Amino acid sequence: MIVLRSRREIEKLKAANRMVAEVLELLKKSVRPGISTAALDKIAEEEIVGRGARPAFKGYAGFPATLCTSINHEIVHGIPSRKRKLKEGDIISIDVGVCLDGYYGDAAITVPVGKISNVARNLLEVTRVSLEKAIARAWPGERLHTLSYSVQEHAEKNGFSVVRDFVGHGIGTELHEPPQIPNYGRPGTGLLLKSGMVLAIEPMINQGSWEVDVLADGWTAVTRDRKLSAHFEHTIAITDDGPEILSTLED
Ligand code: MG
C-alpha cells in the first residue's frame, strides 16, 4: 500500500533528508586521492549519530556500514573498506540513508576524485540531468513510468544504458516502501501519482551495457563489462504545487 503523507509528515521527511544532503556535502569535501572509503564511512556515521539520527543502511538486510561507496565500474551497494583508497581519476557513488525521529532520508551523488576523463564527466552529468528530468515530471495526475522513461530517454540519447536490476522506491516510515521506480518504461503507464507520495528516484546509468554482476561479498553490484557506472538519487515529495525535493540544502 502506498501511504500518502500529510504536510506534517513531509516536514519530518524533509528534516531527515536535509540531514542526508548535509552529510553528502560534507563527504563531497572529504573526497580526495588517498582517503579510504572506510574513512568516509566514519565521517558520515559520526555526523549522523552526532545529530541524533541513525544510519539507515547499517544492519539493513545485514549491510555492514553507514554508506554505500561504489567506485568506477561498481554501480551500487559497495561496502566501505580500509583497504579501498580513492585514486585520482576515480568516480565514486556515495549513497546515504538516515532515520530521524522515525522518518527516513535517502540520497546519493557520484563525485569525481581529482581530474577525471571526459567520458566519466559526461556520464556523471547525463545521470544527474536524467534525475532532474524525472523529478520535473513528478506531478499529481502523471503516471510513474513517465518519470522512468525520462531517465531512460536521456541516458540512451547520450549513448549510455540504464540498469534494470535495481530501482528507486517509495520512502517514509520505512526505508523501502512501494512503489518500485524503474529507470526505464513506457511513458503514460504505471501508477497514477498523487499529492502526498514520497519517492526516492535513483537513476543508475552505465557507460556500456546495462548488465550487472553481484560480487562474492553478496552486495557490490558491478557492470558486467566493467565499464563505468554513475548513480544519483533524490527523495522528493509530490505536492499540489509539483515536485518538492526533500534531500536538498536549499530553502
Ligand atoms: Mg534509495
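Figured I'd write up the structure that's included with this text. (Residues numbered from 1 in each chain as written. Predicted model: local features only at pLDDT ≥ 70, side-chain atom pairs only at ≥ 80, totals over all residues. Heavy atoms only, no water.)

Turning next to the overall build of the protein. Helix and strand counts for the protein stand at 4 helices and 15 strands. Taken over the C-alpha trace, the protein has a radius of gyration of 17 Å; the compact-globule value for 251 residues is 18 Å, and the two agree within 12%. Relative to its full complement of 251 residues, the protein shows a buried share of 54%. Approximately 10,700 Å² of the protein is accessible, and the part contributed by carbon and sulfur atoms is 51%. For the protein, the distance from the average site of its 31 positive side-chain charges to the average site of its 33 negative ones is 3 Å. (Helix = DSSP H or I, 4+ residues; strand = E, 2+ residues; numbered from the N terminus. Rg over C-alpha atoms; globule rule 2.2 N^0.38 Å. Buried < 20%, exposed > 50% of the residue type's maximum accessible area, 1.4 Å probe, protein only. Areas by Shrake-Rupley, 256 points an atom, 1.4 Å probe, with all protein chains shown as cover. Lys, Arg positive; Asp, Glu negative; His and termini not counted. Charge placed at Lys NZ, Arg CZ, Asp CG, Glu CD.)

Attention now goes to the nonpolar core. In this structure, I92, I94, V96 and I201 are the most contacted members of the largest nonpolar core, which totals 51 residues. Per-element accounting of this core gives the leading share, 7 residues, to helix α3 (residues 118-136). Once residues within four sequence positions are removed from consideration, I92 is found in contact with V31, T37, L40, T69, S70, I71, L86, I109, T110, V111 and V113. Counting residues in hydrophobic clusters, the runner-up holds 16 residues, among them L13, F63, C68 and L175. (Core = buried A, V, L, I, M, F, W, Y, C linked by side-chain atoms within 4.5 Å. Contact = heavy atoms within 4.5 Å.)

Relative to the elements of secondary structure, T110 occurs in strand β5 (residues 103-112). Overall, T110 belongs to the buried group, its relative accessible area being 4%. Leave out the neighbours within four places in its chain, and T110 touches I91, I92, S93, L124, A230, H231 and F232.

Two numbers describe how helix α1 (residues 7-30) lies on helix α2 (residues 37-50): the axes approach to 10 Å, and their chain directions differ by 145°. For the pair α1 and α2, the crossing hand works out as right-handed. Side by side, α1 and α2 meet where M19, V23, L26, L27 and S30 of the first sit next to L40, I43, A44, E47 and I48 of the second. Looking at the contact of α1 with α2, its residues break down into 8 nonpolar, 1 polar and 1 charged. (Axes fitted to C-alpha atoms, helices over the stretch in contact; angles between N-to-C directions. Left-handed = near helix turned anticlockwise from the far one by under 90°. Nonpolar A, V, L, I, M, F, W, Y, C, P; charged D, E, K, R; others polar.)

What follows covers the sheet that holds strand β7 (residues 168-170). The strand order across the open sheet formed by 5 strands is β8-β7-β9-β14-β15, and the pairing between neighbours is antiparallel. Lying at the two open borders of the sheet, with one neighbouring strand each, are β8 (177-181) and β15 (242-245). Averaged over all adjacent pairs, the angle separating strand axes in this sheet is 30°, with direction ignored. Examined bridge by bridge, β7 and β8 share 3 bridges and lie antiparallel to one another. Bridge pairing in β8 links H169 to Q180. (Pairing = 2+ DSSP bridges.)

Each protein donor to the magnesium ion is listed here as D106 (OD), H169 (NE2), E202 (OE) and E233 (OE); together their distances run 2.1 to 2.4 Å. One chain supplies every donor to the magnesium ion, and in sequence these donors are spaced D-x62-H-x32-E-x30-E. One end of the pair, H169, is in strand β7; the other, E202, is in the loop between β9 (198-201) and β10 (204-206), and 33 residues separate them in sequence. The pair formed by H169 and E202 is uniform in burial state, with each residue classed as buried. (Donors = N, O, S within 2.8 Å, 3.2 Å for Na, K, Ca; no water.)

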